[in-house]
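Inside the fold
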Amino acid sequence: MSVFFLILTGFFIVTANIIGFISYIKKKNLYFAAFTILLLAVFFGTIGSVLAIFIIQDAFAIFYGMQLGYFLIINSMIVFIIAISVTLVRKVNNSKM
């Protein structure tokens, strides 16, 4: 059972990153991609909670969705930090020229 939830966690993380990348391609804005992944953290966390409750049939299964949302929020913060660092590098490079 735990292998299923680990695979589901990996699937949700990869899916959120792919959707974030597609949003970056369309908008050309890293901040928008980080915000998209942040919104998907709530959405996929809810889906994970509901799936865990239906599969495990225990009230404490909701914590699986909370843990999944936590992983995606950390993922979103990493993308946000990358966006800030890219912005700082661009500003430094533009000021030197």
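Refer to the preceding data block for the structure.
**Observations regarding the overall build of the protein chain**
Each helix and strand counted, the protein chain has 3 helices and 0 strands in total. Oriented by its inertia axes, the alpha-carbon framework of the protein chain measures out at about 60 × 20 × 20 Å. Looking at the 97 residues of the protein chain, the share that counts as buried comes to 30%. Expressed as a percentage of contacts within the protein chain between residues at least 6 apart in sequence, the contacts between residues at least 24 apart total 67%. A total accessible area of about 6700 Å² is found for the protein chain, and carbon and sulfur atoms account for 77% of it.

**Section: the nonpolar core**
Note on soluble globular proteins: their nonpolar side chains tend to be buried together. Ranked by size, the top nonpolar core spans 12 residues in total: Phe5, Leu8, Phe12, Ala16, Leu40, Ala41, Phe44, Ala52, Ala61, Tyr64, Leu68 and Leu72. Elements represented by at least two residues in this core include exactly helix 1 (2-27), helix 2 (30-56) and helix 3 (62-96). For alanine 41, the residues in contact, after removing those within four places along its chain, are Gly69, Leu72 and Ile73.

Conventions and cut-offs
Residues numbered from 1 in each chain as written. Predicted model: local features only at pLDDT ≥ 70, side-chain atom pairs only at ≥ 80, totals over all residues. Heavy atoms only, no water. Helix = DSSP H or I, 4+ residues; strand = E, 2+ residues; numbered from the N terminus. Buried < 20%, exposed > 50% of the residue type's maximum accessible area, 1.4 Å probe, protein only. Contact = heavy atoms within 4.5 Å. Areas by Shrake-Rupley, 256 points an atom, 1.4 Å probe, with all protein chains shown as cover. Core = buried A, V, L, I, M, F, W, Y, C linked by side-chain atoms within 4.5 Å.

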